[in-house]
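Take a look at the letters that make up each chain.
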Amino acid sequence: MEKRMILAIVLSVVIMLVYQRLFMPAPEKASPPAQQQETAKPGVEESAVGTERAKPPAVTAPSVSGGLTPGRENPLRWITVRTPLYTAIVSSAGGGIQSLSLNRYNDHPGPKGKPLDIIGSGEVRPLPLELNLAESQPPFPEVPVYASNAPDELSVKNGEEKTVSLSWESGEGVRITREYTFSGGRYDFEVDQKVTNGTAGSLRLKPGTFLSQVFVGELGGDSYSFKGAVVGAGGKIDRLNFKKIKKGEIDKVAVQWAAADAKYFTLIAIPKKDWSLEQVSMLGEEGIRIALAGSPVVLGPQEVVSFSVQAFMGPKEYGLLGETGKGLEKLVDYGWFSLLAQPLVWLLTLFNRVTGNYGIDIIILTILIKIVFYPLTKKSMASMKKMQELGPIMKQIKEKYKDDKARQQQETMNLYKTYKINPMSGCLPMVLQIPVFIALYKGLLVAIELRHSPFMFWINDLSAPEHLWDIAVAGYTIPIRLLPLLMGVSMFIQQRLSPSGGMDPAQQKMMLFMPLIFTFMFWGFPTGLTIYWLMNNLLSIGQQLIQNRQVATEQAARA
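Residues numbered from 1 in each chain as written. Predicted model: local features only at pLDDT ≥ 70, side-chain atom pairs only at ≥ 80, totals over all residues. Heavy atoms only, no water.

What to know about the confidence of the model for the protein
Across the protein, pLDDT averages 81, with 83% of residues at or above 70. The low-confidence segment residues 1-10, where pLDDT is below 50, has 17 contacts with residues more than four positions distant or belonging to other chains. The model gives residues 19-61 a pLDDT under 50, and that stretch makes 82 contacts with residues more than four places away or in other chains. (pLDDT = per-residue confidence, 0-100. Contact = heavy atoms within 4.5 Å.)

Digging into the pairing of strand 5 (residues 97-106)
In terms of burial, strand 5 is largely enclosed, as 7 of its 10 residues are buried. Sheet topology note: the strand 4 (residues 86-91)/strand 5 ladder contains 5 bridges and is antiparallel. Looking across to strand 5, one finds that Tyr 86 is bridged to Leu 102. Where strand 4 folds back on strand 5, the antiparallel hairpin that results is connected by 5 residues, among which Gly 94 adopts a positive phi of roughly 90°. The pairing of strand 5 with strand 6 (residues 115-117) spans 3 bridges and is antiparallel. The partner of Leu 102 across the bridge, within strand 6, is Leu 116. (Buried < 20%, exposed > 50% of the residue type's maximum accessible area, 1.4 Å probe, protein only. Helix = DSSP H or I, 4+ residues; strand = E, 2+ residues; numbered from the N terminus. Pairing = 2+ DSSP bridges.)

With respect to the sheet that holds strand 12 (residues 203-206)
Read from one edge of the open sheet, 3 strands run 7-12-21, paired in antiparallel fashion. In this open sheet, the two edge strands, each paired with only one partner strand, are strand 7 (134-137) and strand 21 (297-299). With direction set aside, neighbouring strand axes in the sheet form an average angle of 20°. Pairing of strand 7 with strand 12, which is carried by 2 bridges, proceeds in the antiparallel orientation. In the sheet register, Ala 134 faces strand 12, and the bridge partner there is Lys 206. (Axes fitted to C-alpha atoms, helices over the stretch in contact; angles between N-to-C directions.)

Structural notes on the pairing of strand 11 (residues 188-197)
As paired elements, strand 10 (residues 174-183) and strand 11 share 8 bridges and run antiparallel to each other. Looking across to strand 11, one finds that Glu 179 is bridged to Asp 192. Hairpin geometry of strand 10 and strand 11 is characterised by an intervening segment of 4 residues between the two adjacent antiparallel strands and by a positive phi of about 85° at Gly 185. By the bridge criterion, 9 bridges tie strand 11 to strand 22 (residues 304-315) in an arrangement that is antiparallel.

What to know about the nonpolar core
Judged by nonpolar contacts, the single largest core of 115 residues is most densely connected at Tyr 180, Phe 189, Val 195 and Ile 290. Take this core: its biggest share by element is 8 residues, from helix 8 (residues 428-446). In terms of nonpolar packing, the next biggest core, distinct from the first, is built from 8 residues, Leu 390, Ile 397, Tyr 401 and Leu 415 among them. (Core = buried A, V, L, I, M, F, W, Y, C linked by side-chain atoms within 4.5 Å.)

Here we look at the environment of Ile 237
Mapped onto the secondary structure, Ile 237 falls in strand 15 (residues 236-240). Judged by its relative accessible area of 26%, Ile 237 falls in the partly exposed class. With 20 residues separating them along the chain, Ile 237 and Trp 257 place their C-alpha atoms 9.5 Å apart. Discounting chain neighbours no more than four positions away, the residues touching Ile 237 are Val 230, Val 231, Gly 232, Trp 257 and Lys 330.

Quick notes on the sheet that holds strand 4
Strand order in the open sheet formed by 5 strands is 6-5-4-3-8, and the pairing between neighbours is mixed. The two strands at the open ends of the sheet, each matched to only one other strand, are strand 6 and strand 8 (153-155). The average angle at which neighbouring strand axes cross in this sheet is 20°, direction not considered.

So, the packing of aromatic side chains
Evaluation of the coordinates by the stated rule reveals 18 aromatic pairs. Considering the side-chain rings of Phe 140 and Trp 168, the 6.1 Å spacing of their centres and the 55° angle between planes classify their relative orientation as tilted. Linking Phe 140 in the loop between strand 7 and strand 8 with Trp 168 in strand 9 (residues 161-169), this pair joins segments that are 28 residues apart in sequence. Summarising the burial analysis for this pair, Phe 140 and Trp 168 share the class buried. Here a set of aromatic residues connected by ring pairs shows up, and it is made of Tyr 441, Phe 518, Phe 522, Phe 525, Tyr 532 and Trp 533. (Phe/Tyr/Trp six-rings, centres within 6.5 Å; stacked < 30°, edge-to-face > 60°.)

Focus on the side chain of Ser 91
Summarising the element assignment, Ser 91 is placed in strand 4. You can call Ser 91 buried: its relative accessible area is 1%. Beyond its immediate chain neighbours, meaning those up to four positions away, Ser 91 contacts Arg 77, Trp 78, Gly 96, Gln 98, Arg 125 and Leu 127.

Structural notes on the packing of helix 9 (residues 483-497) against helix 11 (residues 514-522)
Relative orientation of the contacting elements helix 9 and helix 11 amounts to 160°, with a least axis distance of 9 Å. By the angle between their directions, the pair helix 9 and helix 11 is classed as roughly antiparallel. Crossing hand, helix 9 versus helix 11: right-handed. Here helix 9 contributes Pro 484, Leu 485, Met 487, Gly 488, Met 491, Phe 492 and Gln 495 to the contact with helix 11, which in turn contributes Met 514, Pro 515, Phe 518, Thr 519 and Phe 522. Here the residues of the contact of helix 9 with helix 11 are counted per class, giving 9 nonpolar, 3 polar and no charged. (Parallel < 35°, antiparallel > 145°, perpendicular 65-115°, else oblique. Left-handed = near helix turned anticlockwise from the far one by under 90°. Nonpolar A, V, L, I, M, F, W, Y, C, P; charged D, E, K, R; others polar.)

Here we look at a nonpolar patch on the surface
Taken together, the side chains of Ile 360, Ile 364, Ile 367, Leu 368 and Ile 371 present a nonpolar region at the surface, about 380 Å² in accessible area. Mapped onto the elements of the fold, Ile 371 is located in helix 5 (residues 358-389). (Patch = residues over 30% accessible without salt bridge, like charges linked within 9 Å, V, L, I, M, F, W, Y side chains within 5 Å. Areas by Shrake-Rupley, 256 points an atom, 1.4 Å probe, with all protein chains shown as cover. Salt bridge = Lys/Arg side-chain N within 4 Å of Asp/Glu carboxyl O.)

Here it is, written out as structure tokens:
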């Protein structure tokens, strides 16, 4: 069984590589809520991620040499828009979105959580959806301060639409108007722009927009999930991670949409006409800036150019993203086995309508998967039992033909043929379950439905590793987790019960290390996945006990 030996070694190496990948140092987290001050300081507003966010100082739009100058100094304002789904803050400085806090998604699980602000770039420029007026002649100010007749706060109820209008005018007569249209009950909204040339000369510009994001706190995700820029065109998407962005090897290509994408949340700009991806660059060490632009235009006196962008800022819910018809659902990265992962997650959400507990839903799904694989598993167990019974004969063949490997292999295959045994049938169920395991792993990793979803007792987040308490050892903090330990024990019991026919003692000893390796590997896995594997092991133990009892009964009857 050299092939099985090679398979075991390959699997062990793969597992170790995966383990090293998963246990890379986690990104730095935002300050915990305990560090917040009780009373906000003057000029400081409290953000939803549990840290203080300073409002930027009053902005005086600097005039570029030979460029347009403001016709008047507009006051710096922050316009708050409250909808059933989120609270957005529009800044008059630059006209972008400075903050967007989600009402249904908190920064921490449990009652202490506060609405999560998914704009991590609220303190840097450009803000998301600021205008990108590249190659303008004469140039515009870097940060124009807009005037607005909108109230400081407005509410948008379900089914309603309300607008926030912004305007800026230069002393020379060039006018910019921007109009945000927010819809109650939706995460997407419209941004309509118009540039009017009120001068006696010509105005050249390249209309566009910016997206930006700083991946701090939860937006930073973890070491094994994507963060960066994503662009879509022609039904395909291209993910641009930090490594690609830092290299500067980003081509200027036509795109239908672009996103500043984190693990669970995304900021998307969808131009009404295909624009080009002008630039993707880093903002500091943990942020990105995406510049989109259309074709250059030249406006004569009194001519107007209009352009619109649809924006989506919110959770990466598969159904919501799919409603746009732009292929945005591909932002939910299910990996290579997306054809399996998507229906598995769909089944979980279907079960959840009844149970209301995703931990129970995972157990139900595990039982269903076990039922689907039951015929193969039963056949595999029977084959492995027969091979165990043939162990003494196989040992004699190895001894008899120890100097003739070809003859030894031939006699072994004849033995399998005589007793109608397929040596690969013992491995087949495991091989077939690997894609299901990977698909469910990716599904549990990226599905926002499981984020902060509790199970029972101390388990309050199925999308994160379980956590009981910490212990300090030699200056290191080690998290204590119960479920991975139970999973490792169950795997050991399963191995002891399973027939080991065809394996020599060295191979059997090697396989004894597998529970230990899996325990360490699952130490950093989402709790939901650990529950799946633990439940799968328990069902396999029960099935093996039943199989062993049936075999014993048959042997007693023949005796």
